[in-house]
Amino acid sequence: MKTVIELLRDDPALSGWRVTEKATASYELFFVHRKLETVRATDTVSTGVTVYVDHDGKRGDSSFPVYRSMSEADVAAKIKSAVARARLVDNAPYELPAGGTLSAALPTDLDKEDPKMLAMRIADAVYAADDLPGGSINALEIFLYRDTVRVRNSRGVDKTQTVHRVMIEAIPTFTDDKQSVELYEDHRFTAFDPEKVTAEIAEKMREVRDRAAAQKPATPMKVNVVLRAKEIKELVGELAYDLNYGSVYTHANLHVIGDDLQENGTGDKLTVTMKAIVEGSENAAYFDEDGTELTDTRVLENGKVTAYFGSNRFGQYLGVEKPSGALRCCRVEPGTLTEEQLAAAPYVECVSLSGLQLDLYNDYIGGEIRLAYYFDGEKTVPVTGISMSGKLSAVLAGMRLSEKTEISGAYDGPAKLLMQDIAIL
Amino acid sequence: MSFSSYLNGKREDCAALVKALSRRFSYVSVLGTDVRAAVYRADRKSSAAQDGAGECGFVVKMHDGRAFFEYSLDDISGDKEALAEKIAAAVAADPALESRMISTAALEDPPMKEDFVRETDFDSYDDAQLLGICRELSAQLCAADEKVLNAIAMIQPYVVSKLFVTKNRELTQHYGWANGYLLAIYQDGKMVQARHVEGSDKLSEIIDNLRGSTDEVLDLARHLATATPIEPGVYDVITDSSITGLIAHEAFGHGVEMDQFVKDRAMAKHCVGQYVASPITNMHDGAAAAHSVASYFFDDDGVLAHDTQIIKDGILVAGLSDLASATQLGTVPTGNGRRDSYKRKAYSRMTNTFFCPGTDKLEDMIASVKHGYMLFETNNGMEDPKNWQIQCTAEYGIEIVDGKLTDHYVSPVVMSGSVPELLKSISMVSDTFKVIGSGMCGKGYKEWVRVSDGGPNLKVRVKLG
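Since we're looking at a predicted model, the values are computed, not measured.

Draft legend 1. Representation of the overall build of chain B. The secondary structure content of chain B amounts to 12 helices and 23 strands. Taking 465 residues into account, the globule formula puts the C-alpha radius of gyration at 23 Å, and chain B, at 24 Å, falls close to it. Overall size of chain B, expressed as C-alpha extent along the three principal axes, is 70 × 55 × 40 Å. Residues classed as buried in chain B amount to 64% of the 465 residues present. In chain B, the share of contacts with a sequence separation of at least 24, taken over all contacts with a separation of at least 6, comes to 74%. Per element, the accessible surface of chain B, about 16000 Å² overall, is 51% carbon and sulfur. The average position of the 48 basic charges and that of the 65 acidic charges among the side chains of chain B differ by 5 Å.

Draft legend 2. Quick look at the overall build of chain A. Broken down by element type, chain A carries 9 helices and 22 strands. Overall size of chain A, expressed as C-alpha extent along the three principal axes, is 75 × 55 × 30 Å. In chain A, which comprises 425 residues, the proportion classed as buried is 60%. Partitioning the contacts of chain A with sequence separation of at least 6, the portion at a separation of at least 24 is 71%. The positive charge centre, built from 49 side chains, and the negative charge centre, built from 66, are 3 Å apart in chain A.

Draft legend 3. Structural context of the sheet that holds strand S10 (residues 283–285) of chain B. All names here are of chain B. Taken in spatial order, the 6 strands line up as S12-S11-S10-S15-S22-S21 in an open sheet, and their pairing is mixed. In the strand order of this sheet, the two ends are held by strand S12 (315–316) and strand S21 (434–443), each with one partner. Where strand S11 (residues 308–312) and S12 come together, 2 bridges link them in antiparallel fashion. Each residue of the ladder has a partner; that of Lys-312, found in S12, is Ile-315. This element, helix H8 (residues 241–253), spans S10, S11, S12, strand S15 (352–355), S21 and strand S22 (446–455) of the sheet and lies at about 130° to S22.

Draft legend 4. Region of the structure containing the interface of chain B and chain A. Of the residues lining the interface, 83 residues belong to chain B; the matching set on chain A comes to 76 residues. In this assembly, chain B packs against chain A so that about 6900 Å² is buried in total across both faces, 49% of it on carbon and sulfur atoms. Counting every contact that joins chain B to chain A gives 14 salt bridges. The partner of Arg68(A) in a salt bridge is Asp74(B), with the nearest N and O atoms 3.4 Å apart.

Draft legend 5. Structural context of the domain arrangement of chain A. Residues and elements named next belong to chain A. Splitting chain A by domain gives domain 1 (4–211) and domain 2 (216–425). Computed over C-alpha atoms, the centres of domain 1 and domain 2 are 25 Å apart. Residue-level contacts link 32 residues of domain 1 with 27 residues of domain 2. When domain 1 packs against domain 2, the two sides together hide about 2400 Å² of surface, and 52% of this comes from carbon and sulfur. Considering only the side of domain 1, the residues that lose the most area to domain 2 are Tyr-94, Gln-161 and Arg-211, jointly responsible for 20% of the buried surface there. Seen at the junction of domain 1 and domain 2, the total is 4 salt bridges. The partner of Glu-282 in a salt bridge is Arg-165, and the shortest N-O contact between them spans 3.7 Å. Where domain 1 meets domain 2, there are 12 residue pairs in polar contact (both at pLDDT 80 or more). Elements supplying a minimum of two residues to the side of domain 1 that touches domain 2: strand S1 (16–32), strand S4 (101–105), strand S5 (135–153), strand S6 (158–175), strand S8 (185–189) and helix H4 (194–213).

Draft legend 6. Representation of unusual backbone geometry in the model. Following Thr219(A), the chain continues to Pro220(A) via a peptide bond in cis, the omega torsion being 0°. Relative to the helices and strands, Pro220(A) is located in the loop between H4 and strand S9 (221–228). The linkage connecting Ser411(B) with the following residue, Pro412(B), adopts the cis geometry, with an omega of -10°. Take Pro412(B): it is sitting in the loop between strand S18 (404–410) and strand S19 (413–418). The backbone phi angle of Asn264(A) is positive, close to 55°, even though this residue is not glycine. By the secondary structure assignment, Asn264(A) is in the loop between helix H6 (245–249) and strand S10 (272–275). You can call Asn264(A) exposed: its relative accessible area is 72%. For Asp402(B), which is not glycine, the phi dihedral falls at a positive 50°. Residue placement: Asp402(B) occurs in the loop between strand S17 (389–401) and S18. For Asp402(B), a relative accessible area of 48% corresponds to the partly exposed category.

Draft legend 7. Region of interest: the confidence of the model for chain B. On average, chain B scores 95 in pLDDT, and the residues at 70 or more come to 100%. With a pTM of 0.95, the predicted complex shows an ipTM of 0.95.

Draft legend 8. Looking closely at the domain arrangement of chain B. Residues and elements named next belong to chain B. You can read the domains of chain B as domain 1 (5–37 + 52–117) and domain 2 (233–464). Measuring from the centre of the C-alpha atoms in domain 1 to the corresponding centre in domain 2 gives 33 Å. Across the contact, 21 residues belong to domain 1 and 17 residues belong to domain 2. With both chains or domains summed, domain 1 and domain 2 bury close to 1500 Å², and 66% of this area falls on carbon and sulfur atoms. The largest contributions to the domain 1 side of the interface with domain 2 come from Leu-31, Lys-61 and Phe-116, which together make up 31% of the buried area. Taken together, the links from domain 1 to domain 2 amount to 2 salt bridges.

Draft legend 9. Inspection of empty space enclosed by the protein at higher detail. Per the counting criterion, the structure on display carries 6 cavities of 30 Å³ or more. Empty space within the largest cavity amounts to approximately 150 Å³. If you trace the largest cavity, you find 17 residues lining it, with Tyr184(A), Gln260(B), Arg265(B), Glu383(B) and Gly444(B) closest to the centre. When its residues are assigned to classes, the lining of the largest cavity shows 4 nonpolar, 2 polar and 11 charged. Estimates place the volume of the second largest cavity at around 70 Å³.

Draft legend 10. Focus on the environment of Glu12(B). All names here are of chain B. Position of Glu-12 relative to the elements: it lies in helix H2 (residues 11–21). A residue is classified by how much of its surface remains accessible, and Glu-12, at 70% relative accessible area, is exposed. Between the C-alpha atoms of Glu-12 and Val-165, which are 153 residues apart in sequence, the distance is 9.4 Å.

Draft legend 11. Seen up close, the side chain of Ser352(A). Its place among the elements puts Ser352(A) in strand S14 (residues 347–353). Beyond its immediate sequence surroundings of up to four residues, Ser352(A) is in contact with Leu183(A), Glu368(A), Ile369(A), Arg370(A) and Leu371(A).

Draft legend 12. Geometry of the sheet that holds strand S13 (residues 329–332) of chain A. Taken in spatial order, the 6 strands of this open sheet run S12-S11-S10-S13-S21-S20 (chain A), and their pairing is mixed. Bordering the open sheet on either side are strand S12 (304–305) and strand S20 (405–408) of chain A, each of which pairs with just one other strand.

Draft legend 13. Structural detail: helix H5 (residues 127–144) of chain B. All names here are of chain B. Helix length check: H5 (18 residues) gives 26 Å between terminal C-alpha atoms against 26 Å at 1.5 Å per residue, within 8%. Listed as buried for H5 are Leu-130, Leu-131, Ile-133, Cys-134, Leu-137, Ser-138, Leu-141 and Cys-142. Viewed end-on, H5 has its buried residues packed into an arc of 160°, placing them on one side of the element. Between the side-chain oxygen at the start of H5 and the backbone nitrogen of Ala-128 there is a gap of 3.2 Å, and the oxygen is on Asp-126.

Analysis parameters
Residues numbered from 1 in each chain as written. Chains lettered and ligands numbered in written order. Predicted model: local features only at pLDDT ≥ 70, side-chain atom pairs only at ≥ 80, totals over all residues. Heavy atoms only, no water. Helix = DSSP H or I, 4+ residues; strand = E, 2+ residues; numbered from the N terminus. Rg over C-alpha atoms; globule rule 2.2 N^0.38 Å. Buried < 20%, exposed > 50% of the residue type's maximum accessible area, 1.4 Å probe, protein only. Contact = heavy atoms within 4.5 Å. Areas by Shrake-Rupley, 256 points an atom, 1.4 Å probe, with all protein chains shown as cover. Lys, Arg positive; Asp, Glu negative; His and termini not counted. Charge placed at Lys NZ, Arg CZ, Asp CG, Glu CD. Pairing = 2+ DSSP bridges. Axes fitted to C-alpha atoms, helices over the stretch in contact; angles between N-to-C directions. Buried area = accessible area lost by both parts, 1.4 Å probe. Salt bridge = Lys/Arg side-chain N within 4 Å of Asp/Glu carboxyl O. Domains from an automatic or database assignment. Polar contact = N/O pair within 3.5 Å; in protein donor to acceptor, adjacent residues only side chain to side chain. pLDDT = per-residue confidence, 0-100. 1 Å grid on protein atoms, 1.4 Å probe; cavity = no way out; pocket = protein on both sides within 12 Å on 5 of 7 lines; lining within 4 Å. Points joined across faces, edges and corners; volume = space filled by probe spheres on them. Nonpolar A, V, L, I, M, F, W, Y, C, P; charged D, E, K, R; others polar. Expected span 1.5 Å × (residues − 1). Arc of directions from axis to C-beta.

Following this line, the structure appears as structure tokens:
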């Protein structure tokens, strides 16, 4: 039986091809309270094929999956069908990435231990934090993954990278005689530090206890609002998405190179670099799905747009000599905000949001706050039942970024972002 | 279009694997999936015609009288005894966890053999026609107004084949669904995006409706370009069907997914039999409750589709369950066990979720508002079933002054507050009804499944920001 690659190489109708194979093995535990409800394991391979056909001065492409169940005849028929589809597609010409072989694994210690034992130790680390009177962890899901991604194309690319990663979804809960409340939390890592996991969950246990004690403050009010790393990552991600090659090519971008996102700003200037690797992130990678080697790219410097980033095809369309590849991590340079400066005026520090709502087109930032700490200038109390809304451009112009930095998933940057005079209802 | 020939050839393999694993487990099921999807897309500068996100594989579910075990794999060919041994070893837990497993009653396996089919018209269209229609729609929007920077038209059909086998059951189902999208990127002072979405199991219907919607998309784009931020406050609000569905889904649907009852993660667990909404409120969910994107014949646990009434005259009467949660709660599963794909676990999930129509006329509802907004088009929402907070974002709203819709558009509009306060504030329910089948729903931030939601227009009082 011919392999997919052999069938593609033998097809004279093709101007090029790409095969992406992702093999995933997982081991998963699902706890209800402290009891083990479900044990899962997976062993799967996803193979995606893209064919490229040059015609009439244009380049057409079409993709299809190849399943393990398919025979050689099935795959040959899918190639034929994809070629016909690609002939219908008339995109501007572009070249596939050329050459380059790699076989690498992202740094991890998760491969040193049997997954069953490791999953149990992770569960033990989580439940070690479950010692708060009135507190409990009502549900825990643990996912251990090993992903091996291989990209090959007709121009000699043959690259493989392996990522070991863990995702924990833990639900810290606090119950007293009046109510029972919870916070949703997920934790992702590529190296296991039991003490760090226990400490992070313990902090969430304290926060959920505070949610039970939280009151709705007097509203409406205008006050400074602090975002933590998780939400800063979302804000920066939204700003960066606007600057990817695909958005620019399709005219969906709001900002162009040279634009100042913080015009007449009085706060800390925003400098953002899209990166291939942030230590410990499951999004870290050496290459993207085209096999393009990832190149760190500074997209914002002191608030001004300095570059776009993204995949090979759209990069070529914009005339970029060496497209950055689809970067999935980011670094934000620290600001100047100290804890002392932060405490100089009242503020609301968001701990848990239903989801930060961002709309670049309508210049909006907001969201429903499930738990925050309100510092009124003297004391700090937990608050809940409020929502915030503001003008994104005003937030960017006046925002302060903390000196202190933090790594949160694919984000490496200031631990806190201070937004001035936000409406709270 | 017919049931997957690949899965059809795997009936005996599934039965043999069930038999081999039944020596180790008291209950074994095998679910085989073969989902084929396609994407046709065109904008001013580019186009695409290719397969979309499909799947083809198997998930084996086992129960040993205590806990549940699952194993996902791509193929089940070959020696079944060896495969059974491999699966049993893969899902074994560390011995230290054995004593920490749940204990449940044995699972029932009532005999049934049935093949379910719902026809589509997808075979009436070929690749060239569908891509051509996308090109035509994109070009039409781009040519209509020089302020249209780009316009994207997309059609996405998919076809589902599933095979479910246990010792006593062999079920198959085969059906399809398609979505169509129009998006205009428009600049007039500021840049905006105006959307239109269609869903049906008839491509002819989608194409007709998309062709009939281009003027509406342009009109919306022009109005959105004039939209202003809303002044945060508490308002009387009239919802369109999309926003009604968003409320049904986020405010209450997630809260009655009964795997959350098992985990004590849902306030609703303690409210069955109590008033949770205004007495004019009725709400349903079920794959058999409406004809839309989540209308399957049996769920991913092999349980037949239901029509579950969740709220009856304002009183919470029932929740939605998958096999594992129903087993732990001692209830009958409601056919809501759904998976992101064969690679993922089954959870209790919504299907087609909606409020039932009432008796009010929409024009009377608008006329009853002194100052408020009519909200349109779901953007996103987030559930909080334990604490009954809600956040729903509408794409836009139109101001109502003295009982009349104005030309003043606001965007975006975030609706938030307490679920019981919102549901108890429902004061009028229109006699119209629409379910919109274009949504994807996650549980927390993962496990994406296709859902529909909708209902009539509602009049509520809620915080907007």
